[in-house]
Amino acid sequence: MNEIEILKATPHLAREHWWGWEIPVYLFLGGLAAGIMILTSVRVLRDPEGERSETFRLLSWLAPLVLSIGMFALWLDLERRWDVPRFYLAFRPKAPMSWGAWILLAVYPLVALFALGELRGRWRDRLAPRLRAVADWADAPAIKRRLAWGNAAVGTLLGIYTGVLLSAMSARPLWSSAVLGPLFLTSGGSTAAALMLLFRVDERERRGLSKLDLGLICMEVALLGLFFLNLMTGSDTSQRAGGLLLGGPYTASFFGLVVFGGLAVPLFGEAREMRGHNGSRWFLPLLILIGGLALRWILVAAGQASSWNAL
Amino acid sequence: MEPRYVMVLDTRRCVACSACVIVCKTENDVPEGGFRDWVVSETRGRFPALSTENRSLRCNHCAFAPCIDNCPTGASHRGPGGTVQIDRVKCTGCKNCISACPYDARFVHPRGFIDKCTFCMHRKGAYTACQTVCPTECIHFGDANDPGSEVSRLLATRDHKVVAPEAGTRPRVHYLV
């Protein structure tokens, strides 16, 4: 028998969560923005001369929009909200959150220039003359290509960062896995494709996005497998952390919302659509989006419940 | 030589009275619900062959401190004698350091910054508050770089351990066993 009694217990020792809904929402929207940045840029890079529907072009604007909502959630999580400029008074190379703060500074101008260049016709005509001149400059083929490369690269960094923010915490055995960066990046790409499918893109774009989403879901399943393999073949501490998702209090929600609802059903649904069975335009993308949010929500909550048992 | 402050606690003397917890709250004006140190009582074995070990726990002022590495503003920093301190002005309350601490030694102060044990550095490296009130004199504090200090002597002559050494942070709070 080994029994530990904590005298004068503090709330943090009772494993109360210090990060609430704000952090998973921020990680989800950050990944979503990264996915949109990558998908819209890759489309330009793969087919610079190709026609894109007006809706697809306008979707570039979704990246700064969802990222701003995510940043607002992160800001709400701060205990001292008006001290946020302090993130920009230091650069701490070992702190992923410091990297994130500075990456976000690069994201906004890049994504804004790229999205301005994507405005055509009546949308560009509505711009103020100076902004229209910037849009014309950003739409020039050589500049557009560079902007697309930059947008895709910064989007990739942003997507990986959302996972590294957690995986840098070696004190939380559930998060301490190098797989989280690629997993959140892949999930960000998949949820971005799902969100874009909710809009009225043309049929060719719709098929392209569905096909891409199918591939990303397969990658996500493989990465989740590696994540669990890493946990369950690790130390006793790792296995206890993995047990939170495999047979523990988070099992039902994780397997119900993430694995079944967010991955398995969309995987079979989209494979059926590839074979010509058309289903609801809303159903599968919504499941993928809910699954992506649930993945972050559950991992953030379960990770805070995992520890070294250092008493 | 720069001092290297460590704390040495004798588990054979500790009776888990929690005087160290209460005096810390008074000395440092620790708010309701928060604690900079706490006491655990671990019972091992099978009845009737049971043994109990009492430990007074706190921030370990680790030599490899993940809280310092993960702090995005530099609020968590290396203080005098290698201790880990928090600059309340620089702290934004992002709670990254709470996630990074394997010992769950940090909490959110109602005024928005993160709080934890400071080894009573406002006393300039003299006796800590918990040490002064311990009725069994089980808490020792001093400079491990000074071979003549009491902590150096205890660490040289008694068996000792740290909590969760597998976390790899090289804690500076040692427990005599």
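Remember, predicted model here, so these are calculated numbers, not experimental data.

Concerning the nonpolar core
Residues and elements named next belong to chain A.
Part 1 of the argument: Counting 137 residues, the largest nonpolar core has A33, I36, M37 and I298 as its most contacted members.
Part 2 of the argument: Counting residues per element, this core draws most heavily on helix α1 (residues 22–46), at 14 residues.
Part 3 of the argument: When residues no more than four places from it in sequence are discounted, the contact partners of I36 are L59, L62, A63 and A192.

Thoughts on the packing of helix α9 (residues 203–232) of chain A against helix α11 (residues 251–274) of chain A
Residue and element names in this part refer to chain A.
Part 1 of the argument: As a packed pair, α9 and α11 sit with axes 10 Å apart at the nearest point and diverge in direction by 145°. The element α9 and its partner α11 pack so that their crossing is left-handed. Together, S210, K211, D213, L214, I217, E220 and V221 of α9 and L263, P266, L267, E270, A271, E273 and M274 of α11 make up the contact between the two elements.
Part 2 of the argument: Across the contact of α9 with α11, the residue classes tally to 8 nonpolar, 1 polar and 5 charged.

Observations concerning the interface of chain A and chain B
Part 1 of the argument: If you look at the interface, chain A gives 38 residues, while chain B gives 42 residues.
Part 2 of the argument: At the level of secondary structure, the elements contributing two or more residues to the side of chain A that touches chain B comprise β1 (2–7) and α4 (96–118) of chain A.
Part 3 of the argument: For the side of chain A that touches chain B, the element with the highest residue contribution is β1(A), accounting for 6 residues.
Part 4 of the argument: For the side of chain A that touches chain B, the per-class residue count stands at 22 nonpolar, 6 polar and 10 charged.

Let's talk about the packing of α1(A) against helix α8 (residues 180–197) of chain A
Residue and element names in this part refer to chain A.
Part 1 of the argument: Packing of α1 against α8 brings their axes to within 7 Å, and their N-to-C directions diverge by 70°. The pairing of α1 with α8 is recorded here as roughly perpendicular in orientation. Taken together, the residues of α8 that come into contact with α1 (itself represented by L27, G31, L32, A34, G35, I36, I38 and L39) are F184, L185, S187, G188, G189, T191, A192, A193, L195 and M196.
Part 2 of the argument: Of the residues contributing to the contact of α1 with α8, the split by class is 12 nonpolar, 6 polar and no charged.

As for the sheet that holds strand β10 (residues 173–176) of chain B
Strands belonging to one sheet form pairs held by backbone hydrogen bonds; the direction of such a pair is parallel or antiparallel.
Residue and element names in this part refer to chain B.
Part 1 of the argument: With mixed pairing, 4 strands are arranged side by side in an open sheet as β8-β1-β10-β9. Looking along the sheet, the strands with just one partner apiece sit at the ends: β8 (139–143) and β9 (160–161).
Part 2 of the argument: One ladder, built from 5 bridges, connects strand β1 (residues 5–10) with β8; its direction is antiparallel. Among the inter-strand pairings, V8 is bridged to a residue of β8, identified as H140.
Part 3 of the argument: Those strands touched by helix α5 (residues 150–157) are β1, β8, β9 and β10, and its axis lies near 110° from that of β8.

About the thresholds
- Residues numbered from 1 in each chain as written.
- Chains lettered and ligands numbered in written order.
- Predicted model: local features only at pLDDT ≥ 70, side-chain atom pairs only at ≥ 80, totals over all residues.
- Core = buried A, V, L, I, M, F, W, Y, C linked by C-beta atoms within 7 Å.
- Buried ≥ 20, exposed ≤ 12 C-beta atoms within 10 Å, placed from the backbone.
- Helix = DSSP H or I, 4+ residues; strand = E, 2+ residues; numbered from the N terminus.
- Contact = placed C-beta atoms within 7 Å.
- Axes fitted to C-alpha atoms, helices over the stretch in contact; angles between N-to-C directions.
- Left-handed = near helix turned anticlockwise from the far one by under 90°.
- Nonpolar A, V, L, I, M, F, W, Y, C, P; charged D, E, K, R; others polar.
- Parallel < 35°, antiparallel > 145°, perpendicular 65-115°, else oblique.
- Pairing = 2+ DSSP bridges.

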